[in-house]
Amino acid sequence: MSTAKASSESRVTLHQLMLPEHANAHGNVHGGVILRMVDEAGAIAAMRHARLPCVTISIDSMTFRQPVHLGELLICTATVTWVGRSSIEVHCEVHAENPITGVISHTNSAFLVFVALGPDGHPTAAPQLALLDEGERRRFEEGKLRQAHRIGARSENAR
Ligand SMILES: CC(C)(COP(=O)(O)OP(=O)(O)OC[C@H]1O[C@@H](n2cnc3c(N)ncnc32)[C@H](O)[C@@H]1OP(=O)(O)O)[C@@H](O)C(=O)NCCC(=O)NCCS
């Protein structure tokens with residue numbers, strides 16, 4: 001088993017200027033554009049952590065608190081919060097920045113789970129997460145509970 005890795009080794013921030021091609025019918029940014037960026041940022045953080053291909057297995061609920069406007073910079077930061085064996089939970093936080101005024105607003109956040117795949121395409125062990133402070137230990141314990149809930153929900157749905 002490889003050595004534990006800190007979340008700072010895999011954390012990633014993506015930036016993208018929102019242009020007319022990102023609009024919905026109301027002239028704001030389409031929710032799917034935001035979801036795609038969240039999924040991409042999460043996948044990058046998971047792959048940087050595992051240094052293996054990772055696929056999305058679950059996206060927890062995501063609330064759109066306020067519209068993102070065209071001309072704003074969409075900023076998504078993804079941080080690994082919990083690791084099981086092959087499963088990696090990532091927290092993604094989305095902000096919108098008006099590049100003229102500098103005003104930044106928090107628009108969304110979500111937890112996603114990715115699964116690390118071996119060369120045979122099956123789930124394989126990822127490095128453990130090094131927990132460097134009290135906040136990281138607390139977030140890890142919360143992640144463990146969230147994952148137990150997801151797995152429980154999966155068994156309920158299979159009945
Ligand atoms: C991801 C995939 C390879 C997992 O295969 P699987 O045979 O179901 O794997 P397992 O049952 O062994 O589960 C693998 C891990 O996922 C976790 N998992 C399973 N269901 C889950 C769920 N609903 N939410 C979160 N984690 C889940 C398991 O607990 C296990 O974690 P662990 O290794 O840390 O204990 C398979 O489901 C798949 O290919 N899904 C499609 C992925 C995809 O196309 N994503 C979108 C594009 S990237």
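The rules behind these values
- Residues numbered from 1 in each chain as written.
- Predicted model: local features only at pLDDT ≥ 70, side-chain atom pairs only at ≥ 80, totals over all residues.
- Heavy atoms only, no water.
- Core = buried A, V, L, I, M, F, W, Y, C linked by side-chain atoms within 4.5 Å.
- Buried < 20%, exposed > 50% of the residue type's maximum accessible area, 1.4 Å probe, protein only.
- Helix = DSSP H or I, 4+ residues; strand = E, 2+ residues; numbered from the N terminus.
- Contact = heavy atoms within 4.5 Å.
- Near = heavy atom within 4 Å.
- Polar contact = N/O pair within 3.5 Å; in protein donor to acceptor, adjacent residues only side chain to side chain.
- Areas by Shrake-Rupley, 256 points an atom, 1.4 Å probe, with all protein chains shown as cover.
- Nonpolar A, V, L, I, M, F, W, Y, C, P; charged D, E, K, R; others polar.

Our next topic: the nonpolar core. Ranked by size, the top nonpolar core spans 34 residues in total, and within it Ile-34, Val-38, Ile-88 and Val-90 carry the most contacts. Broken down by element, this core gets its largest block of residues, nine residues, from helix H1 (residues 31-50). Beyond its immediate chain neighbours, meaning those up to four positions away, Val-90 contacts Gly-42, Ala-45, Ala-46, Ala-78, Thr-79, Val-80, Thr-81, Ala-110, Phe-111, Leu-112 and Phe-114.

Before going further, it helps to examine the site of the ligand. Taken together, 16 residues sit near the ligand, with Thr-56, Arg-85, Ser-86, Ser-87 and Gln-147 positioned nearest. Take Ser-86: an N or O atom from its side chain is 2.6 Å from an oxygen atom of the ligand. Between the ligand and Ser-87, the relevant distance is 2.5 Å, taken from an oxygen atom to a side-chain nitrogen or oxygen of the residue. Taken by itself the ligand offers 970 Å² of open surface, and the protein chains cover 55% of this. Among the secondary structure elements, those contributing two or more residues to the shell around the ligand are strand E3 (54-59), strand E6 (104-116) and helix H2 (134-158). Across the shell around the ligand, the residue classes tally to seven nonpolar, six polar and three charged.

Quick look at unusual backbone geometry now. Unlike most non-glycine residues, Arg-51 shows phi in positive territory, near 55 degrees. Here Arg-51 shows up in the loop between H1 and E3. What makes Arg-51 exposed here is its relative accessible area of 59%.

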